[in-house]
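What the coordinates show
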Amino acid sequence: MYTILNRRELAMGTVVENVVAAPLIAKKAKPGQFVILRVNETGERIPLTMADTDPEKGTITLIYQVVGKSTALMKSLAVGDGFQDIAGPLGKPTHIEKVGTVVCIGGGTGVAVLHPITRAFKEAGNRVIAICGSRTKDLLILEDAMAAASHECTLCTDDGTCGFHGFGTDVLKDLMEKERIDLVVGIGPVPMMKFVCEVTRKKHIKTLVSLNAIMLDGTGMCGCCRVTVGGKTQFACVDGPEFDGHQVNFDELTQRLAAYRDQERQSMELFEHNQCACGTK
Amino acid sequence: MTDKDKKEKTPRQPMPEQPAEIRRRNFEEVPLGYPEETAVLEAGRCIQCKSPGCRQGCPVGIDIPGFINRITARDFSGGIRKLKEQNALPAVCGRVCPQESQCESQCILGKKGDPVAIGRLERFLADWERRQSTSDIPDPAPATGKKVAVVGSGPSGLTVAGDLVLKGHKVTVFEAFHKPGGVLLYGIPEFRLPKEILFYEINVLKQMGVEFVMNAVVGKLVSLPELFAQGYDAVYVAVGAGLPHFLGVPGENLIGVYSANEYLTRSNLMKAYLFPQYDTPLVMGKNVVVVGGGNVAMDSARTAMRMGAESVTIVYRRSRQEMPARAEEVHHAEEEGIEFRLLTNPVAFNGDEKGRLVSVTCVQMELGEPDASGRRSPKVIPGSEFTQPTDMAVISVGAGANPLLTSTTPELTLNRRGYIMADQETGKTYMRGVWAGGDIVTGMATVIEAMGAGKKAAKSMHDFLTLGW
Ligand SMILES: Cc1cc2nc3c(=O)[nH]c(=O)nc-3n(C[C@H](O)[C@H](O)[C@H](O)COP(=O)(O)OP(=O)(O)OC[C@H]3O[C@@H](n4cnc5c(N)ncnc54)[C@H](O)[C@@H]3O)c2cc1C
Ligand SMILES: Cc1cc2nc3c(=O)[nH]c(=O)nc-3n(C[C@H](O)[C@H](O)[C@H](O)COP(=O)(O)OP(=O)(O)OC[C@H]3O[C@@H](n4cnc5c(N)ncnc54)[C@H](O)[C@@H]3O)c2cc1C
Ligand code: SF4
Ligand code: SF4
Ligand code: FES
């Protein structure tokens, strides 16, 4: 079992952070890589990016949004509980190098995935500008950590309750007018990543995105995570998860993410029903 | 009357099976195994050849007349011991070996009539042993102090683990998935190979002292040189041929189009057939198309039928003669109501506005001249295009070498197709201290061949561990 050593809730409990004992993975993981975990014997295998690792303490940090059965079940776990299985580190690490000015733009829980990448680009000697967005103030996460990981950090909310009133892409557009940007890293909901790419495409700014395709094994064995990049089929788990955003077929990805909508709803309803029935938590 | 004539009077004994109308909707095992009397009767058909052809047909050279003789004498524990001299997983091989092209194809009785049912007898002994409350677990030799890492827990890796632990070496198996067994677990369905059998065999290995480390993706979590640095003296690589091939036709990324690996892994390993008790979902196809003609295609088609499909059609581009699947499996599939559209090849998958599969467009084929492999290569018949409604398709057209481990291990030499180059007799690779075998060396073959490669490698590894490279 992989024990949860620390736990906190973010964004009004819609997002949960777990610090988990996984010493071998912690030693090997690099920014941009993910794990696949299974909560218990009947659980599905779900991919989560490592938001942080501590090789000395032997821990990895997972930050996840509660969206369905598995993540709801994970939310119900307390410190001392654990996950039955965690495999990783999987996927290619982010290619970190000194390129000049890097803009790291994150939306929603995507900020958690973006954080270690932002820090690594800064450590590599780049000037790093972070843009973190969410719908409203209470849903912003990791504001302080992102500020520390970058040289400049702009917060923005769709409803204007915190920071810039509007989308992160508006801030990005502004920046693009004002200065030279060498690389953009955009991580968040698919529509947001697609939008970021549309903005940067006009000025041919290289843009990396991290694709959250549905996965199963995470080792290139099943092809479940296939995405179309530059007209070619790629496996997000081994060829990615990061790709050149200007080449990605986002519409196909959006459709494939909805493959199991009905079953996911059924699973969640059953879970909620059982939670009430036995009167725990 | 000669002895031989007498023996031939008993016909080959059929094995009781679940009736097709019932089994096509459940995941329980299809053939039920021989009752004791039937097994003894069938064993009595063997004429105990002095130079038995059957033995030549078995890739690991089991002493077939030897174990059959024990059945006739009702010395079942003697029989199982004889079997296990060469084959650590008889319950598995008795079920999934293509006997008709291996041991049974060489049986002398097959020249005039039906061969001895060697596979069924093998299965009988293994099942008999499992039912005894006391199974005798062999004692390992005194500890040698040497450490061996086995990468991959399919039949090849398990064979090496079993053989080397018995020689007194400390063996650790590293497996990427959360459970051991390889294709035996995630590929071959429950109704052909009940998982309980596999878990039993793996437990025996554990009791002999083999250590299993799950969720260990070698190449990512740890590299081969790091294993040596951690004190392992030798490594066996048996990671299988886990790279799904697709057709490369338009529409293949629509929802409802699966690789066989994904479809079978979801249903077998993740138990999607028990959704929502188990969390992993699966598209429930009503009209299913399975592309391909091998065992994997049969397994996918029969699984889809059990998941409640109204119709399941196998689409294969050559004719029945060229189908690589076992005759028995094709027969089972037909009995279960699976349709075959031979000499047919998909050229496009068509979807709706939500990206879900709604139909497949195929062309009809005809067979041309035999190609280099001796198989007649199919050619498209012009103007033969047709479209068939379907809401789920499984692509089962073979597998390749998964590069995850090999691409991070430049010391291993690969062939043109990405498989590891290893000595045929010993399994030695070009990397010192590393052996390889099974599907990652040969391409997808059979369970017993993967085990045979393991046997040879274990012997060579033992020599190395005791004598040197
Ligand atoms: C490489 C990668 C890294 C990820 N990192 C994070 C992260 O750090 N934090 C985070 O909150 N989320 C992350 N995700 C998404 C996360 O895996 C899903 O939100 C999670 O699987 C949902 O499971 P569920 O049962 O709670 O919800 P469900 O109700 O099952 O699904 C909700 C939605 O999540 C997606 N999803 C479902 N199953 C899977 C699966 N097996 N694999 C991928 N997506 C699936 C689907 O789009 C689905 O519609 C990542 C996904 C990938 C591929
Ligand atoms: C659906 C299906 C049906 C089949 N039916 C039959 C049949 O009826 N009869 C027959 O004889 N043969 C059959 N075969 C073929 C047979 O199963 C294979 O030839 C055999 O399993 C190969 O054994 P192996 O040990 O080489 O590899 P595998 O069984 O493929 O096992 C390899 C293992 O290595 C693990 N692995 C991979 N990469 C890594 C890594 N980097 N680190 C750690 N672990 C890793 C995998 O997860 C897997 O568990 C079938 C195959 C399939 C797919
Ligand atoms: S292992 Fe397979 S080939 Fe060998 S005797 Fe048994 S069934 Fe036949
Ligand atoms: S060839 Fe047939 S009859 Fe002869 S020993 Fe083998 S199984 Fe028996
Ligand atoms: S998740 Fe199976 S190939 Fe990527």
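An account of the accompanying structure is given in this report. (Residues numbered from 1 in each chain as written. Chains lettered and ligands numbered in written order. Predicted model: local features only at pLDDT ≥ 70, side-chain atom pairs only at ≥ 80, totals over all residues. Heavy atoms only, no water.)

Here we take up the overall build of chain B. Of the regular secondary structure elements, chain B holds 18 helices and 16 strands. Taking 2.2 N^0.38 as the reference for a compact globule, 469 residues should give roughly 23 Å; the C-alpha atoms of chain B span a radius of gyration of 23 Å, in line with that estimate. Here chain B holds 469 residues, and 58% of them are scored as buried. A separation threshold of at least 6 residues defines the contact pool for chain B, and within that pool the share at least 24 residues apart is 69%. (Helix = DSSP H or I, 4+ residues; strand = E, 2+ residues; numbered from the N terminus. Rg over C-alpha atoms; globule rule 2.2 N^0.38 Å. Buried < 20%, exposed > 50% of the residue type's maximum accessible area, 1.4 Å probe, protein only. Contact = heavy atoms within 4.5 Å.)

This part covers unusual backbone geometry. Here the residue pair G88 of chain A and P89 of chain A is connected by a cis peptide bond, since its omega of -5° sits within 30 degrees of zero. Tracing the chain through its elements places P89 of chain A in strand β7 (residues 85-90). For the bond from F275 of chain B to P276 of chain B, the omega torsion is 5°, close enough to zero to count as cis. On the secondary structure map, P276 of chain B appears in the loop between α13 (260-269) and β7 (287-291). Located in the positive-phi region is M12 of chain A, a residue other than glycine, with phi close to 55°. For M12 of chain A, the position within the fold is in the loop between β1 (2-10) and β2 (15-21). A positive phi angle, near 55°, is found at L142 of chain A, a position not held by glycine. If you trace the backbone, L142 of chain A turns up in the loop between β9 (127-134) and α4 (143-149).

Enumeration over the complete set of coordinates arrives at nine aromatic pairs over all chains. Look at F235 of chain A and F246 of chain B: their rings are 6.4 Å apart centre to centre, the planes differ by 80°, and that puts the pair in the edge-to-face class. Here F235 of chain A is found in strand β15 (residues 232-235), whereas its partner F246 of chain B is found in the loop between β5 (243-244) and β6 (257-259) on a different chain. An angle of 45° between the planes, with centres 5.5 Å apart, marks the rings of Y258 of chain B and Y263 of chain B as tilted. Each member of the pair, Y258 of chain B together with Y263 of chain B, is buried. (Phe/Tyr/Trp six-rings, centres within 6.5 Å; stacked < 30°, edge-to-face > 60°.)

Residue and element names in this part refer to chain A. For the structure shown, the criterion picks out zero disulfides over all chains. The cysteine C224 is free of any disulfide, with C222 supplying the nearest cysteine sulfur at 4.4 Å. We classify C224 as buried; its relative accessible area is 4%. (Disulfide = S-S within 2.5 Å.)

This part takes up the nonpolar core. Counting 75 residues, the largest nonpolar core has I64, F67, I71 and L121 of chain B as the members making the most contacts within it. In terms of residue count, helix α18 (residues 447-467) of chain B provides more of this core than any other element does, eight residues in total. Contact partners of I71 of chain B, with chain neighbours within four places excluded, come to A39, V40, A43, F76, L121, F124 and L125 of chain B. I4, I25 and L48 of chain A together with A149 of chain B belong to the second largest nonpolar core, which has 47 residues in total. (Core = buried A, V, L, I, M, F, W, Y, C linked by side-chain atoms within 4.5 Å.)

Let us look at the sheet that holds strand β8 (residues 101-107) of chain A. Strand pairs in the sheet, formed through backbone hydrogen bonds, run parallel or antiparallel to each other. Residue and element names in this part refer to chain A. One open sheet holds the seven strands; their spatial order is β11-β10-β9-β8-β12-β13-β16, and the pairing between them is mixed. The open sheet has two edge strands, β11 (164-165) and β16 (242-244), and neither has a second partner. As paired strands, strand β13 (residues 207-210) and β16 are joined by three bridges and run antiparallel to one another. Bridging from a neighbouring strand, L208 pairs with D244 of β16. (Pairing = 2+ DSSP bridges.)

This brings us to helix α3 (residues 36-43) of chain B. Of all the positions in α3 of chain B, only T38, A39, V40, E42 and A43 of chain B are classed as buried. Looking at the buried side of α3 of chain B, the elements it contacts are α5 (64-72), α6 (76-86) and α8 (118-131) of chain B.

Before going further, it helps to examine the site of ligand 2. All names here are of chain B. Near ligand 2 lie 35 residues; those nearest to it are V96, E175, R192, V218 and D439. At 3.4 Å from an oxygen atom of ligand 2 is found a main-chain nitrogen or oxygen belonging to G182. One nitrogen or oxygen atom from the main chain of V447 is found 2.9 Å from an oxygen atom belonging to ligand 2. Isolated, ligand 2 exposes 1000 Å² of accessible area, and the fraction of that covered by the protein chains is 95%. Elements with a minimum of two residues in the shell around ligand 2: α9 (155-166), α14 (295-306) and α18. The greatest single-element share of the shell around ligand 2, amounting to three residues, is contributed by α14. When the residues that make up the shell around ligand 2 are grouped by side-chain class, the tally is 21 nonpolar, 10 polar and four charged. (Near = heavy atom within 4 Å. Polar contact = N/O pair within 3.5 Å; in protein donor to acceptor, adjacent residues only side chain to side chain. Areas by Shrake-Rupley, 256 points an atom, 1.4 Å probe, with all protein chains shown as cover. Nonpolar A, V, L, I, M, F, W, Y, C, P; charged D, E, K, R; others polar.)

On to the site of ligand 1. Residues and elements named next belong to chain A. Every one of the 24 residues lining ligand 1 counts as a neighbour, but P47, I63, Q65, S70 and T71 are closest to it. At 2.4 Å, a side-chain N or O of T71 approaches an oxygen atom of ligand 1. Here an oxygen atom of ligand 1 sits 3.1 Å away from a polar atom, N or O, in the side chain of R261. When ligand 1 is considered free in solution it has 860 Å² of accessible area, and contact with the protein chains removes 89% of it. Where the shell around ligand 1 is concerned, the elements lending two or more residues are β4 (46-54), β5 (59-65), α2 (69-75) and α9 (261-278). Examining the composition of the shell around ligand 1, we find that four residues originate from one element, β4, more than from any other.

Now for the environment of T157 of chain A. Residue and element names in this part refer to chain A. Among the secondary structure elements, T157 is positioned in strand β10 (residues 152-157). T157 sits in the buried class, given a relative accessible area of 0%. On a C-alpha basis, the gap between T157 and G133 in space is 5.5 Å, while along the polypeptide they are 24 residues apart. Once residues within four sequence positions are removed from consideration, T157 is found in contact with S134, R135, T136, K137, L140, C162, F164, H165 and G166. There is a polar contact of 2.8 Å between the side chain of T157 and the backbone oxygen of C162.

Residue and element names in this part refer to chain B. The contact between α13 and α14 brings their axes to 10 Å, and the two run at 50°. Overall, the two elements α13 and α14 adopt an arrangement that is oblique. Note that α13 runs across α14; the crossing there is left-handed. Here A260, Y263, L264 and S267 of α13 lie close against α14, whose contacting residues are V296, D299, S300, T303 and A304. Residue composition of the contact of α13 with α14, grouped by class: five nonpolar, three polar and one charged. (Axes fitted to C-alpha atoms, helices over the stretch in contact; angles between N-to-C directions. Parallel < 35°, antiparallel > 145°, perpendicular 65-115°, else oblique. Left-handed = near helix turned anticlockwise from the far one by under 90°.)

What follows concerns the interface of chain A and chain B. Interface extent is often summarised as the accessible area lost during association of the parts. Residue-level contacts link 45 residues of chain A with 43 residues of chain B. Interface area, chain A with chain B, both sides summed: about 3600 Å², of which 53% is carbon and sulfur. Considering only the surface of chain A that becomes buried against chain B, M221, R226 and Y260 of chain A emerge as the three largest contributors, covering 19% of it. Our count for the chain A to chain B interface comes out at three salt bridges. One salt bridge connects E226 of chain B with K28 of chain A, and the closest N-O pair in it is separated by 2.7 Å. For the pair chain A and chain B, the interface holds 22 residue pairs in polar contact (both at pLDDT 80 or more). Those elements that place two or more of their residues in the side of chain A that touches chain B are α1 (23-28), α2, β7, β14 (226-229), β15, α8 (250-257) and α9 of chain A. Looking at the side of chain A that touches chain B, the element that brings in the most residues is β7 of chain A, giving six residues. (Buried area = accessible area lost by both parts, 1.4 Å probe. Salt bridge = Lys/Arg side-chain N within 4 Å of Asp/Glu carboxyl O.)

Attention shifts here to the pattern of salt bridges. Residues and elements named next belong to chain A. Within this structure, the stated rule accounts for 45 salt bridges over all chains. Here R119 and D52 are joined by a salt bridge, their closest N and O atoms 3.0 Å apart. Of the two residues, R119 is situated in helix α3 (residues 110-123) and D52 in strand β4; the sequence distance between them amounts to 67 residues. D52 sits in the partly exposed class, given a relative accessible area of 26%.

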